[in-house]
Amino acid sequence: MNEPMLEVGKILNTHGVRGEVKVQSWCDSPEVLCALESVQIGPRAYRVLRGRVHGGFALLTLEGVDTMDAALALKNRVLLARREDMPVEEGVHFVVDLIGLEARHAETGEVLGRVTDVLEYPAHDLYVVEGEKRYLIPDVPAFVRAVCPEEGYIAFTPLEGMGE
């Protein structure tokens, strides 16, 4: 937890002939990637010279990547960004910090299992909790009572019959 670098997207392809790369954003929006000053791909850091959004993807111009061949060499690579460079609002957490947290019943303290995934849907995210039962818990205040990654748990109020 709290790794210094976060996976933020994947280069899908080149865009144009001047080395621009088309990136699938793993952030809340592709604009987040466009605002970064630098990214890391493998062991190498790249300064982001220009970023723009096109068709729901981030198009980035990276320093030292100025031909289609140079951009093509980066295809299918994962972009990393420094945690401190990523904008995050108060009370919002990175998904990577939630995976593996203990899931507790908010009223009884009973351990329901561990968070194994966070599924993103338009209305709200769903926490996948695996234990004796499997729970899909909507990320809404009626069900999620406390998110405490520093203490290692999330407190939920599941409905009767919610677990599979």
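Shown above is the structure to which this text applies.
What comes next concerns the included structure.

### Focus: the overall build of the protein chain
- When its secondary structure is counted, the protein chain shows three helices and twelve strands.
- Oriented by its inertia axes, the alpha-carbon framework of the protein chain measures out at about 60 × 25 × 25 Å.
- Going through the 164 residues of the protein chain one by one, you find that 38% of them count as buried.
- Sequence separation of at least 24 residues holds for 48% of the intrachain contacts in the protein chain that already meet a minimum separation of 6.
- Here the protein chain displays about 9600 Å² of accessible surface, and carbon together with sulfur accounts for 49% of that area.
- Considering the protein chain, the positive charge centre built from 16 side chains and the negative charge centre built from 27 side chains are found 9 Å apart.

### Here's the deal with the packing of aromatic side chains
- All told, the structure shown has one aromatic pair when counted by the stated rule.
- Here the guanidinium or amino end of K22 rests over the ring plane of F57, the centre of that ring lying 4.4 Å away.
- Geometry around Y153 places R104 over its ring, the cationic atom sitting 4.0 Å from the centre.

### Thoughts on the pairing of strand β2 (residues 20–25)
- Pairing of strand β1 (residues 5–15) with β2 involves six bridges; the strand directions are antiparallel. Considered in β2, the bridge of H15 is made with E20.
- In sequence, β1 turns back onto β2 through a hairpin of four residues, with G16 there showing a positive phi of about 80°.
- Two elements, β2 and strand β5 (residues 57–62), share three bridges in a ladder whose sense is antiparallel. Paired with K22 across the bridge in β5 is L59.

### Description of the environment of V115
- Relative to the helices and strands, V115 resides in strand β8 (residues 111–119).
- For V115, a relative accessible area of 1% gives the class buried.
- Taking the C-alpha atoms as reference points, V115 and V128, 13 residues apart in sequence, are found 5.7 Å from one another.
- If we ignore the near neighbours within four places in the chain, the residues touching V115 are L98, I99, G100, L101, Y127, V128, V129 and I154.

### Quick look at the pattern of salt bridges
- With the rule as written, the count across this model stands at seven salt bridges.
- Across the salt bridge formed by R82 and D85, the nearest N and O atoms sit 2.9 Å from each other.
- Here D97 and R83 are joined by a salt bridge, their closest N and O atoms 2.8 Å apart. Taken as a pair, D97 in helix α3 (residues 95–98) and R83 in the loop between β6 (78–82) and α3 lie far apart in primary sequence, 14 residues in all.

Thresholds, definitions, all that
- Chains are numbered independently. Their residues run from 1 in the order of the written sequence.
- Two thresholds apply to this predicted model, a pLDDT of at least 70 for residue-level local features and 80 or more for giving and counting side-chain atom pairs, whereas whole-chain, interface and lining totals are computed over all residues.
- Processing note: side-chain calculations cover all non-hydrogen atoms of the structure and skip hydrogens and water entirely.
- Helix numbers and strand numbers start at the N terminus; a helix is a DSSP run of H or I with at least 4 residues, a strand a run of E with at least 2.
- When a residue's accessible area, from a 1.4 Å probe over protein chains only, is under 20% of the maximum for its type it is buried; when over 50% it is exposed; and in between it is partly exposed.
- What makes two residues a contact is simply this: any of their non-hydrogen atoms within 4.5 Å.
- Shrake-Rupley sampling with a 1.4 Å probe provides the accessible areas, and residues are treated as covered by the protein chains on show and by no other component.
- Charge counting treats Lys and Arg as positive and Asp and Glu as negative, with His and both chain ends excluded.
- Positions of charges follow a simple convention, taking NZ of Lys, CZ of Arg, CG of Asp or CD of Glu.
- Between the rings of Phe, Tyr and Trp (Trp by its six-membered ring), a pair exists once the centres lie within 6.5 Å; its type follows the angle of the planes, with under 30 degrees stacked, over 60 edge-to-face, and the other angles tilted.
- As a reminder, the over-ring test applies to NZ of lysine and CZ of arginine, requiring each to be within 6 Å of the ring centre and within 35 degrees of the ring normal.
- By the convention used here, strands pair only if DSSP detects at least 2 bridges between them.
- Whenever a carboxyl oxygen of Asp or Glu lies within 4 Å of a side-chain nitrogen of Lys or Arg, that contact is scored as a salt bridge.

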